[in-house]
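So you can see what is in the structure, the chains are spelled out below.
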Amino acid sequence: MSAREKIAYIKGLLDAGTPRDDFEMALYGAIVEALDAVVDDMDRQDESLVALTEELMDLSDYCDGLGEDLDAIEEGWLGDRVLGQEDILTAEEDEPEGVDLYRPILCPYCSTMFYYRPDLCDENDTVQCPNCRRTFAPSEVELEEE
């Protein structure tokens, strides 16, 4: 028996019986109304769950399509060649010997230390402090030594 059927049964019992006074009638009526509201909420939640499940399935299909597109791009980029261990570079192999890729620098405005890549900066380039967002040229400040 569903919740709606049980509530209908209770309503039938109330209609068939005769409560002793108006208070009991109001109390029983309020209980039945509360049960009706609970069942209505459950029905709305069921509908929402169905809609969310459909959206989730659509999202899953979309992700599958993205995966296929990425596979096609990778296949077009690599051709028949498969990436091997020798194709995967580590940071140690990428970095020229004796040269640090990142260098520490101290912001002259807020004294925050952060790292930047000097090989990506020209002589006149500026860097932006991640803390105070002010810009300055690395040549303006003394570089921190590790």
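(A) Representation of the overall build of the protein in the model. The secondary structure content of the protein amounts to three helices and four strands. N-terminal to C-terminal, the α/β element order of the protein is α-α-α-β-β-β-β. In the protein, which comprises 146 residues, the share counted as buried stands at 14%. A fraction of 37% describes how many contacts in the protein between residues 6 or more apart in sequence connect residues 24 or more apart.

(B) Fine view of the packing of aromatic side chains. The final tally for this structure, using the stated rule, is two aromatic pairs. A centroid spacing of 6.3 Å and a plane angle of 70° characterise the contact between Phe-114 and Phe-136, whose relative ring orientation is edge-to-face. One end of the pair, Phe-114, is in strand β2 (residues 113-116); the other, Phe-136, is in strand β4 (residues 135-136), with 22 residues separating them in the sequence. No difference in accessibility class separates Phe-114 from Phe-136, as the two residues are buried. Here the basic side chain of Arg-117 rests over the ring of Tyr-102, its NZ or CZ set 5.6 Å away from the ring centre.

(C) The arrangement of the pairing of strand β1 (residues 103-106) in detail. Sheet topology places β1 next to β2; four bridges connect them, and they run antiparallel. Each bridged residue has a counterpart across the sheet, and for Arg-103 the counterpart in β2 is Tyr-116. Where β1 folds back on β2, the antiparallel hairpin that results is connected by six residues, among which Ser-111 adopts a positive phi of roughly 65°.

(D) Summary view of a nonpolar patch on the surface. A cluster of nonpolar residues, Met-1, Tyr-9, Ile-10, Leu-13, Phe-23, Leu-27, Tyr-28, Ile-31 and Leu-35, forms a patch on the protein surface that exposes about 910 Å² of accessible area. Of all the secondary-structure elements, those providing two or more residues to the nonpolar patch are α1 (3-16) and α2 (22-78). For the nonpolar patch, the element with the most residues is α2, which contributes five residues. Structurally, Leu-27 can be placed in helix α2.

Reading the values: rules and limits
- Residues numbered from 1 in each chain as written.
- Predicted model: local features only at pLDDT ≥ 70, side-chain atom pairs only at ≥ 80, totals over all residues.
- Heavy atoms only, no water.
- Helix = DSSP H or I, 4+ residues; strand = E, 2+ residues; numbered from the N terminus.
- Buried < 20%, exposed > 50% of the residue type's maximum accessible area, 1.4 Å probe, protein only.
- Contact = heavy atoms within 4.5 Å.
- Phe/Tyr/Trp six-rings, centres within 6.5 Å; stacked < 30°, edge-to-face > 60°.
- Lys NZ or Arg CZ within 6 Å of the ring centre and 35° of its normal.
- Pairing = 2+ DSSP bridges.
- Patch = residues over 30% accessible without salt bridge, like charges linked within 9 Å, V, L, I, M, F, W, Y side chains within 5 Å.
- Areas by Shrake-Rupley, 256 points an atom, 1.4 Å probe, with all protein chains shown as cover.
- Salt bridge = Lys/Arg side-chain N within 4 Å of Asp/Glu carboxyl O.

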